[in-house]
Amino acid sequence: MGKKILLNSKEIHIILHRLACQLIENHNNFENTVLIGIQPRGVYLAERLVSILKEDYNIPEVKLGQLDITFYRDDFRRRGEPLEANKTNINFIVEDKNVVFIDDVLFSGRSIRAALTAIQSFGRPSDIELLVLIDRRFSRHLPIQPDYRGRQVDVINEERVTVNWKEKEGKDAVYIINN
């Protein structure tokens, strides 16, 4: 199994600040915008972006939620092992809000399709956007594209893209792994 680094910690830091600036350009003071991290790995990215928005760009309040899509996926019954759900934590209504879904890697689009279904339990958003750190082009099963992307990468089907977060794995890095 080969492992190649795609992004190091410094490059991820720069990308996160660029993504935060793009969010500010489109959502100004976030008065009518909520950020939703898709469990499990999109939550790390979402929390990091909220921290940057508040600390570095003085956005006073950004609503952040965590959405578990485990049982909304169309493939959840096709797995060999039992699934372990994560926690949904959305303590606000998304009715008529601009929702920004945040995930680490956009691959087939199935997770985002599941998130679109799951979010309906919290109201009907006026707009939904997608922010991802890594956009795996050419691997989509559904016609879903990100509005904000950190890096676009072309990998072959046998390769995986893995995002390591310092909060979970001890350091920030993105790898391409050959199986």
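Above: the structure in question.
Residues numbered from 1 in each chain as written. Predicted model: local features only at pLDDT ≥ 70, side-chain atom pairs only at ≥ 80, totals over all residues. Heavy atoms only, no water.

Asks: For this particular structure, what's the right way to read the sheet that holds strand S6 (residues 148–154)?
Replies: Adjacent strands of a sheet pair through backbone hydrogen bonds, lying either parallel or antiparallel. Reading across from one edge, S3-S2-S4-S5-S6 is the order of the 5 strands in this open sheet, with parallel pairing throughout. Edge positions in the sheet fall to strand S3 (63–67) and S6, since each of these pairs with one other strand and no more. Neighbour to neighbour, the strand axes of the sheet diverge by 25 degrees on average, direction disregarded. Relative to S3, strand S2 (residues 33–38) runs parallel, the two sharing 5 bridges. From the neighbouring strand, Gly37 faces S3, where its bridge partner is Gln66. (Pairing = 2+ DSSP bridges. Helix = DSSP H or I, 4+ residues; strand = E, 2+ residues; numbered from the N terminus. Axes fitted to C-alpha atoms, helices over the stretch in contact; angles between N-to-C directions.)

Asks: Mind showing me how you'd approach the pattern of salt bridges here?
Replies: It is possible for side chains bearing opposite charge to pair when their charged atoms get close. Scanning all chains against the criterion turns up 7 salt bridges. Salt-bridge contacts for Arg48 lead to Glu167; the nearest nitrogen and oxygen are separated by 2.8 Å. Here Glu167 lies in helix H4 (residues 166–169) and Arg48 lies in helix H2 (residues 42–55), a separation of 119 residues in the sequence. A relative accessible area of 43% means that Glu167 is categorised as partly exposed. The closest approach of N and O atoms between Asp135 and Arg149, which form a salt bridge, is 2.9 Å. Taken together, the residues span a long stretch of sequence, with Asp135 in strand S5 (residues 127–137) and Arg149 in strand S6 at a distance of 14 residues. (Salt bridge = Lys/Arg side-chain N within 4 Å of Asp/Glu carboxyl O. Buried < 20%, exposed > 50% of the residue type's maximum accessible area, 1.4 Å probe, protein only.)

Asks: Please explain the pairing of S2 as it appears in this structure.
Replies: Each regular strand shows side chains that alternate between the opposite faces of the sheet. Along S2, 6 of the 6 residues are buried, which leaves the element largely enclosed by surrounding structure. Neither face of S2 is exposed, since Thr33, Leu35 and Gly37 on one face and Val34, Ile36 and Ile38 on the opposite face are all buried. One ladder, built from 5 bridges, connects S2 with strand S4 (residues 98–106); its direction is parallel. Across the sheet, the residue bridging to Leu35 is Val100, located in S4.

Asks: Help me understand the sheet that holds strand S8 (residues 173–178), please; the structure alone is not making it clear to me.
Replies: With respect to topology, 3 strands assemble into an open sheet ordered S1-S8-S7, the strand pairing being antiparallel. Every other strand in the sheet has two partners, leaving strand S1 (2–7) and strand S7 (159–164) as the edge strands with one partner each. Taken pair by pair, the neighbouring strands of this sheet meet at an average axis angle of 30 degrees, ignoring direction. Relative to S8, S7 runs antiparallel, the two sharing 6 bridges.

Asks: So what exactly am I meant to see when it comes to helix H1 (residues 9–27) here?
Replies: An α-helical segment advances 3.6 residues per turn. Residues three or four places apart therefore align on the same side. The end-to-end C-alpha distance of H1, which contains 19 residues, comes to 27 Å, matching closely the 27 Å that a straight helix rising 1.5 Å per residue would cover. Of the residues making up H1, those classed as buried are Ile12, Ile15, Leu16, His17, Leu19, Ala20, Leu23 and His27. The first or second residue beyond H1 is Asn28, which carries a positive phi of 50 degrees. (Expected span 1.5 Å × (residues − 1).)

Asks: I keep staring at the environment of Glu47 and nothing clicks. Help me out?
Replies: Assignment of secondary structure puts Glu47 in helix H2. When residues no more than four places from it in sequence are discounted, the contact partners of Glu47 are Leu64 and Gln66. At 3.4 Å, the side chain of Glu47 and the side chain of Gln66 are in polar contact. (Contact = heavy atoms within 4.5 Å. Polar contact = N/O pair within 3.5 Å; in protein donor to acceptor, adjacent residues only side chain to side chain.)

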